[in-house]
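Understanding the architecture of this molecule
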Amino acid sequence: MCSDRTTTTLASGHKIIHLEGEELSRQEKDWEGYTEGLVRLTPGRWLFSSTFIQHANKYYNFKMREKDVLLMTYTKCGTTWLQEVVWTMRNNPDLDNPMAAAAVNTRVPFIEMDLFLKSKKIPEIEADHPMMKAFQKMCPGRDAAADGMFLQMAESAPDSRTIKTHLPLSLLPQNLLDTCKVVYLARNPRDAIVSFFHHARIFRIHSYTGTFDDFVQYFVDDDFLYGPYWLHLKEAWEQRNHPNLHFMFYEDLKTNNMKELKKLNNFLNTKLTDQQLNNVSHYTSFPEMKARNSLLGEGGDIFLNLDIINKDGGFYRKGEVGSWKGKYTKEQDQKINHWINKNLGDIGIDFKYTA
Ligand code: A3P
């Protein structure tokens, strides 16, 4: 092992440590999409593809605007659902906005998506690709490779932006909560793991080829992209009483949908009527979103392992609370329990694991 694996310090104050040796080989073997190396940021042990570094300071200094709503989640905690819920509440409560036909990620830009674009598992996005055309239209004369395609599209989007991120609070602007509203959606980790196992196989940028047993181990070892899961959660949970942060749970949104939509209505100050909230509830229900199958936008197929999707199903998998049941062996279940108990004491969240 190299004696000095610490190289640079980010604007956030985090030091970058490049993964090496056996640790890196193991990840690269199981996650064939991680072709550009991996880094850990300390403090926190945040794990990212090395490509995160290119724009890390721009994410940290991202200029949020007063009318923005930032949607934050750990991966597989219901991000896309929240995107559709909040965008519809803000822009389409009468279900008559033609913009709704655009993909969810087009309407609600994913700020740090660029970090996934260099994976050799996906083709380079050329000038004639629909995503590059959309970029050129929105950001004429700008350089996608040097300054980020998705980042600049998010920067250029007009008010009122609804933006998606999986980054934790500590890697985002420190005046975030003083500037705009933030919604954090959490999900119980047992369902999130099962959901991610499916996602990691269908998305080429991950291309996970390891076993489910190893997958669980990566998760409980916090050797997982965007992790540690608990720290991500804890940073937001500690801000749950901040007037500009609304903390909510996937499980509540699922089992008590209207009640949660009403709370969001208050928080976002969207002033929707009960009829409009009913529209949103129906339009963003799992069967409706699955039927529309809207996520990535034109050209988004380059990100997908269609052979696995055809065999095991697409992005909209189950959309349930408790679909982890029957998926874990006794040993895996014990491992997860131990990991939950070790971390939960510190945070005090009471997750619901069944509907
Ligand atoms: P499952 O794999 O358990 O079905 P993310 O958007 O963060 O990647 O989260 C994806 C998870 O949210 C998937 O969970 C997906 O099916 C679920 N999901 C997407 N739309 C949903 C909806 N309208 N209602 C409930 N769950 C939804």
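These numbers were taken from a predicted model, which means no experiment stands behind them. (Residues numbered from 1 in each chain as written. Predicted model: local features only at pLDDT ≥ 70, side-chain atom pairs only at ≥ 80, totals over all residues. Heavy atoms only, no water.)

**Examining the site of the ligand**
Our working rule: Proximity is defined per residue: any heavy atom of the residue falling within 4 Å of a molecule or strand makes that residue near it. Here a polar contact means two N or O atoms within 3.5 Å. Within protein one must be a hydrogen donor candidate and the other an acceptor candidate, and residues neighboring in sequence count only if both atoms are side-chain atoms. Computed with the Shrake-Rupley method and a 1.4 Å probe, the accessible areas treat only the protein chains shown as cover for residues. Secondary structure elements follow DSSP: runs of H or I no shorter than four residues count as helices, runs of E no shorter than two count as strands, and numbering proceeds from the N terminus. Three classes are used: nonpolar for Ala, Val, Leu, Ile, Met, Phe, Trp, Tyr, Cys and Pro, charged for Asp, Glu, Lys and Arg, and polar for all others, with Gly counted as polar.
Taken together, 18 residues are adjacent to the ligand, and Thr79, Thr80, Ser195, Lys318 and Gly319 come closest. In the model, an oxygen atom of the ligand is placed 2.9 Å from a nitrogen or oxygen of the Arg187 side chain. In this structure, an oxygen atom belonging to the ligand sits 2.6 Å away from a side-chain N or O atom of Ser195. Within the complex, the protein chains bury 98% of what would otherwise be the 570 Å² of accessible surface of the ligand. Among the elements of the structure, helix H3 (79-91) and helix H15 (286-292) are those that each provide at least two residues to the shell around the ligand. Residue composition of the shell around the ligand, grouped by class: 7 nonpolar, 7 polar and 4 charged.

**Structural notes on the UniProt feature "domain: Sulfotransferase" (unreviewed entry) in the protein**
Heads up, the rule is: UniProt positions are given in the numbering used here, feature names are shortened, and annotations may be inferred rather than shown by experiment.
When the UniProt feature table is mapped to this numbering, "domain: Sulfotransferase" (unreviewed entry) covers residues 67-347. Spanning residues 67-347, this segment combines 48% helix with 7% strand, and its end C-alpha atoms are found 30 Å apart.

**Details of the sheet that holds strand E6 (residues 162-165)**
Sheet strands associate in pairs through backbone hydrogen bonding, adopting either a parallel or an antiparallel arrangement. The line we're drawing: Two strands are said to pair when DSSP picks up at least two bridges between them. Between N-to-C directions, angles cover 0 to 180 degrees, with each direction set by a line fitted to C-alpha atoms, over the stretch in contact for helices. We call two residues in contact whenever any of their non-hydrogen atoms come within 4.5 Å of each other.
Judged by pairing direction, the sheet is parallel, and its 4 strands sit side by side in the order E6-E5-E7-E8 without closing on themselves. The sheet terminates laterally at E6 and strand E8 (245-249), the two strands that pair on one side only. Direction aside, neighbouring strands of the sheet carry axes that sit 20° apart on average. In this structure, strand E5 (residues 69-73) lies alongside strand E7 (residues 181-186), joined through 5 bridges in parallel fashion. Within E7, the position partnered with Leu71 by the bridge is Val183. On top of the sheet, H3 reaches E5, E6, E7 and E8; it is set at about 165° to E5, its chief contact. The strands that helix H11 (residues 229-237) touches are E5, E7 and E8; relative to E8, the one it contacts most, it runs at about 130°.

**Structural notes on unusual backbone geometry**
If a residue is not glycine, its phi is most likely negative; likewise, a peptide bond is most likely trans. Cis geometry is found at the peptide bond from Asp159 to Ser160, where omega equals -5°. As for its placement among the helices and strands, Ser160 is situated in the loop between helix H7 (149-156) and E6. Looking along the chain, the bond that leaves Gly227 and enters Pro228 is cis, with omega of 5°. Turning to its location among the elements, Pro228 is positioned in the loop between helix H10 (212-220) and H11. Positive phi is not limited to glycine here, since Lys76 has a value of about 70°.

**Considerations on H10**
In an α-helix, one full turn covers 3.6 residues, which means residues spaced three or four apart are oriented alike. Rules: Using a 1.4 Å probe on the protein chains alone, a residue whose accessible area is under 20% of its type maximum counts as buried, one over 50% counts as exposed, and one in between counts as partly exposed.
The set of residues buried in H10 consists of Phe212, Phe215, Val216, Tyr218, Phe219 and Val220. The inward-facing, buried residues of H10 contact helix H1 (21-30), helix H9 (189-202), H11 and helix H17 (330-347).

**Description of the side chain of Gln83**
Tracing the backbone through its elements, the reader meets Gln83 in helix H3. Judged by relative accessible area, which is 0%, Gln83 ranks as buried. Looking at Gln83, its side chain comes within polar contact range of the main-chain oxygen of Val108, at 3.2 Å. If sequence neighbours within four positions are ignored, Gln83 has contacts with Leu71, Val104, Asn105, Val108 and Lys164.

**Looking at the packing of H3 against helix H14 (residues 274-283)**
To be explicit about the condition: Oblique is the label for any angle not under 35 degrees, not over 145, and not in the 65 to 115 range, which are roughly parallel, roughly antiparallel and roughly perpendicular in turn. Crossing handedness is defined as follows: a turn of the near helix away from the far one that is anticlockwise and smaller than a right angle gives a left-handed crossing, while the clockwise case is right-handed.
Between H3 and H14, whose axes approach to 10 Å, the crossing angle comes to 150°. Looking at the two axes, H3 sits roughly antiparallel to H14. Handedness of the crossing formed by H3 with H14: right-handed. For the pair H3 and H14, contact is made by Glu84, Val85, Thr88 and Met89 and by Leu277, Val280 and Tyr283, respectively. The residue inventory of the contact of H3 with H14, partitioned by class, reads 5 nonpolar, 1 polar and 1 charged.

**With respect to the packing of H11 against H17**
As a packed pair, H11 and H17 sit with axes 11 Å apart at the nearest point and diverge in direction by 15°. With respect to each other, H11 and H17 are oriented roughly parallel. H17 is crossed by H11, and the crossing has right-handed handedness. For the pair formed by H11 and H17, the contact residues are Tyr229, Trp230, Lys234 and Trp237 on the first element and Trp339, Ile340, Asn343, Leu344, Asp346 and Ile347 on the second. Grouping the constituent residues of the contact of H11 with H17 by class yields 7 nonpolar, 1 polar and 2 charged.

**What to know about the side chain of His198**
Examined against the element boundaries, His198 turns out to sit in helix H9. With near-sequence residues (within four places) excluded, His198 lies in contact with Asp312, Gly313, Gly314 and Arg317.

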